[in-house]
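Architecture and fold: a report
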Amino acid sequence: MPRQVKGTLVIEGQEIQISNPDKPLWPEVGISKAMYLQKLAALSPFLLRYCRNRLLTTIRYPHGAGDESFYQKNAPEPTPDFVQTAVHENIRYVLLNGLPELLWLGNLAALEFHPSLHYAGSPLPCEWMIDLDPSLPEEPRIMEAASIVGDTLRSLGIKSVPKTSGATGVQIIVTIPEGVTFDELRSVGLFVGQYVTEKHPKLFTIERLKKHRGDKIYFDYLQHYSGRTLAAPYTPRARPLATVSTPLTWEEVKSNVSPTDFHLLNIEERLKEKGDLLQMLPPQPVQDIIRHLKTGTSRGSKRKG
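A brief report on the enclosed structure follows. The written sequence of each chain sets the order in which its residues are numbered from 1. In keeping with the model being predicted, local features are shown solely for residues with a pLDDT of at least 70 and side-chain atom pairs are shown and tallied solely at 80 or more, while totals for entire chains, interfaces and linings include all residues. The side-chain figures draw on all heavy atoms in the structure; neither hydrogens nor water molecules are used.

**Here's the deal with the packing of helix α3 (residues 142-155) against helix α4 (residues 182-199)**
The relative placement of two packed helices is expressed as an angle between their axes plus a distance between the axes. The axes used here are C-alpha line fits, helices contributing only the stretch in contact, and every angle between their N-to-C directions lies in the interval 0 to 180 degrees. Per the convention used, a helix needs a DSSP run of H or I reaching at least four residues, while a strand needs a run of E reaching at least two, with both numbered from the N terminus. At their nearest, the axes of α3 and α4 sit 11 Å apart, and the two run at 120° to each other. In terms of orientation, α3 lies oblique with respect to α4. Seen from above, α3 lies across α4 with right-handed handedness. For the pair α3 and α4, contact is made by Ile 148, Thr 152 and Leu 153 and by Val 192, Tyr 195 and Val 196, respectively. When the residues that make up the contact of α3 with α4 are grouped by side-chain class, the tally is five nonpolar, one polar and no charged. Just so you know how the angles are binned, under 35 degrees is roughly parallel, over 145 roughly antiparallel, 65 to 115 roughly perpendicular, and the rest oblique. Each crossing is labelled by how the near helix is turned from the far one, with a counterclockwise turn of less than a right angle marking it left-handed and a clockwise turn marking it right-handed. Should any heavy atoms of two residues lie within 4.5 Å, those residues are counted as being in contact. Charged means Asp, Glu, Lys or Arg here, nonpolar means Ala, Val, Leu, Ile, Met, Phe, Trp, Tyr, Cys or Pro, and polar covers whatever is left, Gly included.

Here is the structure:
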């Protein structure tokens, strides 16, 4: 049997037991558990910003990326006293509110962090995300698609930030004012999705069934809803290259960067250079479009009547 190596970290006054620090978590790029915990600590000011006080789902890989995995919604047992939780629909979720919690989960080989799109106890979205999901295993047109969606939003007076999913897709993120609902954002998402699909029918689809999408990129406006999750900005992904879900500039999108360009081995350098691109985006006037769509719907109803 392999020798079990253990140690203790003291972070912000909390003791965290670390087991098997030499365990390879991304063997292809030489990242051990000890290295991973160091990278999580460096990412924490950015990653925690988009996980704090949200219902957290993790994906755990006990034997490292590429091996067996499982989704964890209920808080792992035993749960340390310093970990806050929230119950939602009979599931006791972890609230990833600080560095001790993050490193505790990292020691459990949680390699991906997928928070809810709303705060615990709130029915309202924190931001708006459009998920561009390729149907092909490798999609050379994904940045072209993201650029088209960004330009379309800009034509509506909405600035946005694209981010790699860390896998094959791209999400377009819009910061929103308080009070906007998930259903209102879905109506805008459908409007934009129908528009880009009509303009670029060979590139986009809003077809929900994967078997009917062909090689098109799915414009997913439905995933952004209460009780669902998307990969957090700055979460690592359990991919061979240890990619990280990374916000981009539109210039990078137009130069056709690859999602694999951003990973645990270079993300610190990028964040020192560019900071948090998402935090720089002020709330956008999505209510103007929502109001316009509601007015158009009510006019259409009156005509029918």
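**Details of the pairing of strand β14 (residues 217-220)**
Relative accessible area decides the class of each residue, using a 1.4 Å probe on protein chains only: under 20% of the type maximum gives buried, over 50% gives exposed, and in between gives partly exposed. Alternating residues of β14 divide into Ile 217 and Phe 219 and Tyr 218 and Asp 220, and every residue in both groups is buried. Direction of pairing for strand β13 (residues 204-205) relative to β14: parallel, over a ladder of two bridges. What sits directly across from Phe 204, in β14, is Ile 217. At least two bridges found by DSSP between two strands is the condition for calling them paired.

**Notes on unusual backbone geometry**
Pro 78 follows Glu 77 through a cis peptide bond whose omega is -5°. Assignment of secondary structure puts Pro 78 in the loop between β6 (70-72) and β7 (85-88). Look at Asn 20: it is not a glycine, yet its phi comes out positive at around 50°. Backbone geometry places Asn 53, a non-glycine residue, at a positive phi of 60°. Secondary-structure assignment places Asn 53 in the loop between α1 (33-47) and β5 (54-60). By relative accessible area, Asn 53 is classed as partly exposed at 33%.

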